[in-house]
Amino acid sequence: MLVRIISAAVGLVIMLAVMFSGKIALSLAVSLVSALAVYEALKAYGYNKKPLFVIPGFLVSFLYGGLKYIGSEIIFLCVFGVVVFFIGAMLLLRDEVKTKDLFTLLFITLIIPFSFSTISYIRDMEKGIYLVWLPFISAWLTDTFAYFGGRFLGKHKLCPEISPKKTVEGAIFGIIGAIFGYVMYSVILKNVWNLEVNIYLALIMAVVTSVLSQMGDLFASCIKRENGVKDFGKLMPGHGGALDRFDSLLLTAPVIYICLEIFKLIY
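None of these values were measured; they are calculated from a predicted model.

**Quick notes on the overall build of the protein chain**
Part 1 of the argument: When helices and strands are counted, the protein chain shows 12 helices and two strands.
Part 2 of the argument: In terms of overall size, the protein chain behaves like a compact globule, its C-alpha atoms giving a radius of gyration of 19 Å where 267 residues would be expected to give roughly 18 Å.
Part 3 of the argument: Along the first, second and third principal axes, the C-alpha atoms of the protein chain reach 60 × 45 × 30 Å.
Part 4 of the argument: In the protein chain, buried positions account for 46% of the 267 residues.
Part 5 of the argument: Of the contacts formed within the protein chain by residues at least 6 apart in sequence, a portion of 73% connects residues at least 24 apart.

**Details of the pairing of strand E2 (residues 163-167)**
Part 1 of the argument: Summarising the sheet, strand E1 (residues 157-159) and E2 pair through two bridges and their orientation is antiparallel. Residue pairing for E2: Lys157 is matched across the bridge by Thr167.

**Considering the nonpolar core**
In a soluble, globular protein the nonpolar side chains are often hidden away together inside.
Part 1 of the argument: If you look at the biggest cluster of nonpolar residues, it comprises 61 residues, and the most contacted ones within it are Phe116, Leu134, Leu260 and Leu265.
Part 2 of the argument: No other element matches helix H6 (residues 99-123), which puts 10 residues into this core.
Part 3 of the argument: Not counting residues within four places of it along the chain, the set of residues in contact with Leu265 comprises Leu131, Leu134, Glu196, Val197, Asn198, Leu201, Ala202, Met205 and Leu260.

**Quick notes on unusual backbone geometry**
Part 1 of the argument: For Lys127, which is not a glycine, the phi torsion comes out positive at approximately 65°.
Part 2 of the argument: Take Lys127: it is sitting in the loop between H6 and helix H7 (128-131).
Part 3 of the argument: Given the relative accessible area of 24%, Lys127 is considered partly exposed.
Part 4 of the argument: One non-glycine residue, Asn194, adopts positive backbone phi at about 60°.
Part 5 of the argument: Tracing the backbone shows Asn194 in the loop between helix H9 (168-193) and helix H10 (199-227).
Part 6 of the argument: Note on Asn194: relative accessible area 64%, which makes it exposed.

**So, the environment of Ser31**
Part 1 of the argument: Tracing the chain through its elements places Ser31 in helix H2 (residues 23-44).
Part 2 of the argument: Sequence separation between Ser31 and Val229 is 198 residues, and the spatial gap between their C-alpha atoms is 24 Å.

**Some words on the packing of helix H8 (residues 134-153) against H10**
Part 1 of the argument: For the pair H8 and H10, interaxial distance at closest approach is 9 Å and the crossing angle is 60°. With respect to H10, the axis of H8 lies oblique. H10 is crossed by H8, and the crossing has right-handed handedness. Of the residues in H10, those in contact with Leu134, Ser138, Ala139 and Thr142 of H8 are Met205, Ala206, Thr209, Ser210, Ser213 and Gln214.

Parameters at a glance
- Residues numbered from 1 in each chain as written.
- Predicted model: local features only at pLDDT ≥ 70, side-chain atom pairs only at ≥ 80, totals over all residues.
- Heavy atoms only, no water.
- Helix = DSSP H or I, 4+ residues; strand = E, 2+ residues; numbered from the N terminus.
- Rg over C-alpha atoms; globule rule 2.2 N^0.38 Å.
- Buried < 20%, exposed > 50% of the residue type's maximum accessible area, 1.4 Å probe, protein only.
- Contact = heavy atoms within 4.5 Å.
- Pairing = 2+ DSSP bridges.
- Core = buried A, V, L, I, M, F, W, Y, C linked by side-chain atoms within 4.5 Å.
- Axes fitted to C-alpha atoms, helices over the stretch in contact; angles between N-to-C directions.
- Parallel < 35°, antiparallel > 145°, perpendicular 65-115°, else oblique.
- Left-handed = near helix turned anticlockwise from the far one by under 90°.

Below, the structure is given as structure tokens:
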């Protein structure tokens, strides 16, 4: 437990330093975490030993992060090139790469980087310096409240075949945690920076993203269980790899980005 706490504290300090270092630093950090997450997912499926499968994932991780600098047309062209590349690899290496491998590789290589890259896009929005915290508030308070709620009050298993320790009570407390986090952050924004928050939208986002956060966590657990993996990596002692620590953001960050593109949260 001590190692876990120390690791979390160090990670928080690094995160704060990155978040307040500016947009470019954040984009690079997100791209790096994305590349690590892609490698960890490829490793779980046993694809990491072939550079042919690893390099495209690294490329896309940094391409998505650079969308605002190099233009969407180039990004789309490169992403489509990755798709063609993997299809060609499957056709040439029929004994090693099957169609199911192709879809797994494409999902890992394209979807994971896209999900993480939306954090950078949120930061680039108007008032993005405040909005960029929303995915982390939702994901990490959901995780914290769900852990303690399940530990002390959990009686009914949520998905025992996927994650035996998760409970319905913990999931409910996770949603409460996200709501609490969004309400407190709204109060801070109003009283410290004099920014008004659409509280009704904030509450809806808290509930929806909390559920999605838990879905992302369970999805990552499915990958580990199916491949007999305990942790994706050893990036953070006591926490595992990048994908272990940030799996809750896989669905949360993109949905928050989409919501913020459609609705105005902060005035």
